[in-house]
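Spelled out from the first residue to the last, the chains are:
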Amino acid sequence: MNVLVLCPHFAPDVAPTGEVITSITTELAARGHQIHVVTSLPWYRQHRIESGWTGRPVRTQTTDWGRITRVHPFPTDKRNIPARAFAFGGFTALTGLASVVSRPRPDVVLAMSPPLTLGLAGWAAARARRAPFVFNIQDVFPDVAVELGVITNRKLISMASWLERFTYLRCDAVTVLSDDLRENVATKLGRHRPERVRVIPNFVDTKHIRPAPRENSYRQEFGLTGKTVVMYAGNVGFSQSLDLLVDAAAALAHEPDLVFVINGGGAARPELERRASGAPNLRFVDMQPKDRLPEVLAAADIHVVPLRRGLARSSVPSKMYSILAAGRPIVASVDPGTEVAMVVERAGAGLAVPPDDPEAVTKAIARLVADPEEGQRMGAAGRASVERWASPGAIAAQYEALFDELRG
């Protein structure tokens, strides 16, 4: 089967969506399929085109399983909405053009969102090549942007909502990560075949990410040896309530050898660093190479997953699965009853508290700091739970079965 994949990131880029689609592609290739990936030039780590990739707006690589076409993503400041809209438009246009002329003719087209506009490119390619179209939703847009207050203009929200529904209605299938997201998307489809929305969760490679000793070279490098480490590792963006960690660090400054670490980069980091200036127990660490992820996760005693109010109903952070695989306890600051909260609670893998509640987060962290054995039991329970989940190969098999079904 020839599969055309449209995605915003792909290895060697390090965005979570890049890791997800890279694993799916690798597993589909191992099952004998030919893949053409159309994606962006690497830019995610520093929000600009990386050294060695500049000079041309389009580059093509040949692989053992097919090829990768990389186009210019027009990186810009996330807070500049008009510029970002232009960037999405330019990236989508280049992606769509590269996809429509894709050779050989694809048997199925798989596009990933965000950005939502990539669905248009996927639909155009699928229609031009008379192939089934599958739209994979990682975050529901514009819901996330509206909840964050990034988009407030009613006309813009209306336009984005129209585009969202327009794309859903033209998909042969929409895949989402959880029952929460399935209900969200199916409701928007109404009577227009809501059964086309399928739940295919993300996954974690439990062979690559395993429980490991806390004292490692990451701790040595950043002066964390012998400390109790509370960590957030991931994108430092506006979806995450990372101000909660600043507040918790201030409230727990009296705790000996307790250090808070924010590991990652993103648009919200400069303001966060300004607010945390002078905090002796809070450190910022730049995003680490992808192959260092197991070591980064192992270095923490407690991991924090904070999502702003309302976002857990339209987004499931992939970092949660990696933390579970690493055998570390989670403090999840998320909406109650959502997928993140239920996973943590069902597995007994940590503590779920209401979103945007500094006191609740601080108390949860203090509880685990005071009783490290409880945290270790939670970490072990999380690891045991994730070991029973689907592997990357099993998830790829679900996509393969869906592709076969749609092809008739």
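Now for a description of the structure that goes with this document. (Residues numbered from 1 in each chain as written. Predicted model: local features only at pLDDT ≥ 70, side-chain atom pairs only at ≥ 80, totals over all residues. Heavy atoms only, no water.)

**Quick notes on the overall build of the chain**
Then, number 1: Within the chain, the secondary structure is distributed over 15 helices and 14 strands.
Then, number 2: Across its three principal directions, the C-alpha atoms of the chain cover 65 × 45 × 40 Å.
Then, number 3: Here the chain, with 408 residues, has 54% of them falling under the buried criterion.
Then, number 4: Summarising the internal contacts of the chain: among those between residues at least 6 apart in sequence, 70% fall at separations of at least 24.
Then, number 5: As presented, the chain carries roughly 17,200 Å² of accessible surface, and 52% of it is formed by carbon and sulfur atoms.
Then, number 6: The averaged location of the 42 negative side-chain charges in the chain is 7 Å from the averaged location of its 48 positive side-chain charges. (Helix = DSSP H or I, 4+ residues; strand = E, 2+ residues; numbered from the N terminus. Buried < 20%, exposed > 50% of the residue type's maximum accessible area, 1.4 Å probe, protein only. Contact = heavy atoms within 4.5 Å. Areas by Shrake-Rupley, 256 points an atom, 1.4 Å probe, with all protein chains shown as cover. Lys, Arg positive; Asp, Glu negative; His and termini not counted. Charge placed at Lys NZ, Arg CZ, Asp CG, Glu CD.)

**Describing the environment of Val 296**
Then, number 1: Within the secondary structure, Val 296 sits in helix 10 (residues 293–298).
Then, number 2: Judged by its relative accessible area of 4%, Val 296 falls in the buried class.
Then, number 3: Setting aside residues up to four positions removed in sequence, Val 296 forms contacts with Tyr 218, Met 231, Ala 233, Asn 263 and Gln 288.

**Quick word on the side chain of Thr 39**
Then, number 1: Here Thr 39 lies in strand 2 (residues 34–40).
Then, number 2: On the basis of relative accessible area, Thr 39 is assigned to the buried category, the value being 0%.
Then, number 3: One polar contact links the side chain of Thr 39 to the main-chain amide nitrogen of His 9, over a distance of 3.4 Å.
Then, number 4: With near-sequence residues (within four places) excluded, Thr 39 lies in contact with Cys 7, Pro 8, His 9, Phe 10, Ile 68, Thr 69, Arg 70, Val 71 and Phe 91. (Polar contact = N/O pair within 3.5 Å; in protein donor to acceptor, adjacent residues only side chain to side chain.)

**Let's talk about the sheet that holds strand 1 (residues 2–6)**
Then, number 1: Taken in spatial order, the eight strands line up as 3-4-2-1-5-6-7-8 in an open sheet, and their pairing is mixed. The open sheet is flanked by strand 3 (58–63) and strand 8 (197–199), the only strands paired with a single partner. Strand-to-strand twist of the sheet, defined as the mean angle between neighbouring strand axes without regard to direction, takes the value 20°. (Pairing = 2+ DSSP bridges. Axes fitted to C-alpha atoms, helices over the stretch in contact; angles between N-to-C directions.)

**Section: helix 15 (residues 392–407)**
Then, number 1: Compared with the 22 Å implied by 1.5 Å per residue over 16 residues, the 23 Å span of helix 15 between its first and last C-alpha is a close match.
Then, number 2: Burial in helix 15 covers these residues: Pro 392, Ile 395, Ala 396, Tyr 399, Glu 400, Leu 402 and Phe 403. The arc that holds every buried residue of helix 15, seen down its axis, measures 160°, which confines them to one face.
Then, number 3: Directly after helix 15, the chain includes Gly 408, whose backbone phi takes a positive value near 80°. (Expected span 1.5 Å × (residues − 1). Arc of directions from axis to C-beta.)

**Focus on the pairing of strand 2**
Then, number 1: Burial analysis of strand 2 places six of its seven residues in the buried class, the great majority of the element.
Then, number 2: Sheet analysis places strand 1 next to strand 2, joined by five bridges and oriented parallel. The partner of Leu 4 across the bridge, within strand 2, is His 36.
Then, number 3: With six bridges connecting them, strand 2 and strand 4 (residues 66–71) associate as parallel partners. Residue Ile 35 lies in a different strand from strand 4, and its bridge partner there is Gly 66.

**Some remarks on the sheet that holds strand 12 (residues 302–306)**
Then, number 1: Ordered by their spatial adjacency, six strands build an open sheet running 11-10-9-12-13-14, and the pairing between neighbours is parallel. Two strands bound the open sheet, and with one partner strand each, they are strand 11 (282–285) and strand 14 (350–353). Strand-to-strand twist across the sheet, computed as the mean angle between neighbouring axes with direction ignored, equals 20°.
Then, number 2: Bridge analysis of strand 13 (residues 330–333) against strand 14 gives four bridges, and the strand direction is parallel. Paired with Ala 332 across the two strands is Ala 352, which belongs to strand 14.
Then, number 3: Running at roughly 165° to strand 14, helix 13 (residues 358–370) makes contact with strand 9 (228–233), strand 10 (258–263), strand 12, strand 13 and strand 14 of the sheet.

**Let's talk about the pattern of salt bridges**
Then, number 1: Taken as a whole and assessed by the stated rule, the structure comprises 19 salt bridges.
Then, number 2: The salt bridge involving Lys 188 is made with Asp 143; its shortest N-O contact spans 2.9 Å. Separated by 45 residues along the polypeptide, Lys 188 in helix 6 (residues 179–189) and Asp 143 in helix 4 (residues 143–148) bring together distant segments of the chain.
Then, number 3: The class for Lys 188 is partly exposed, based on a relative accessible area of 23%.
Then, number 4: Across the pair Asp 286 and Arg 269 runs a salt bridge whose closest N-O atoms are separated by 3.0 Å. Highlighted residues: Asp 286 in the loop between strand 11 and helix 10 and Arg 269 in helix 9 (residues 269–275), separated in sequence by 17 residues.
Then, number 5: Judged by relative accessible area, Arg 269 falls into the buried class, the value being 11%.
Then, number 6: Residues joined in a network through salt bridges with shared partners are Arg 214, Glu 215, Arg 219 and Asp 301. (Salt bridge = Lys/Arg side-chain N within 4 Å of Asp/Glu carboxyl O.)

**Brief notes about unusual backbone geometry**
Then, number 1: With an omega of 5°, the peptide bond running from Ser 113 to Pro 114 counts as cis.
Then, number 2: By the secondary structure assignment, Pro 114 is in the loop between strand 5 (108–113) and helix 3 (118–129).
Then, number 3: A cis amide bond links Pro 114 to the next residue, Pro 115, at an omega of 5°.
Then, number 4: Its identity as a non-glycine residue notwithstanding, Asp 257 has a phi of 60°, on the positive side.
Then, number 5: Along the chain, Asp 257 turns up in the loop between helix 8 (243–251) and strand 10.

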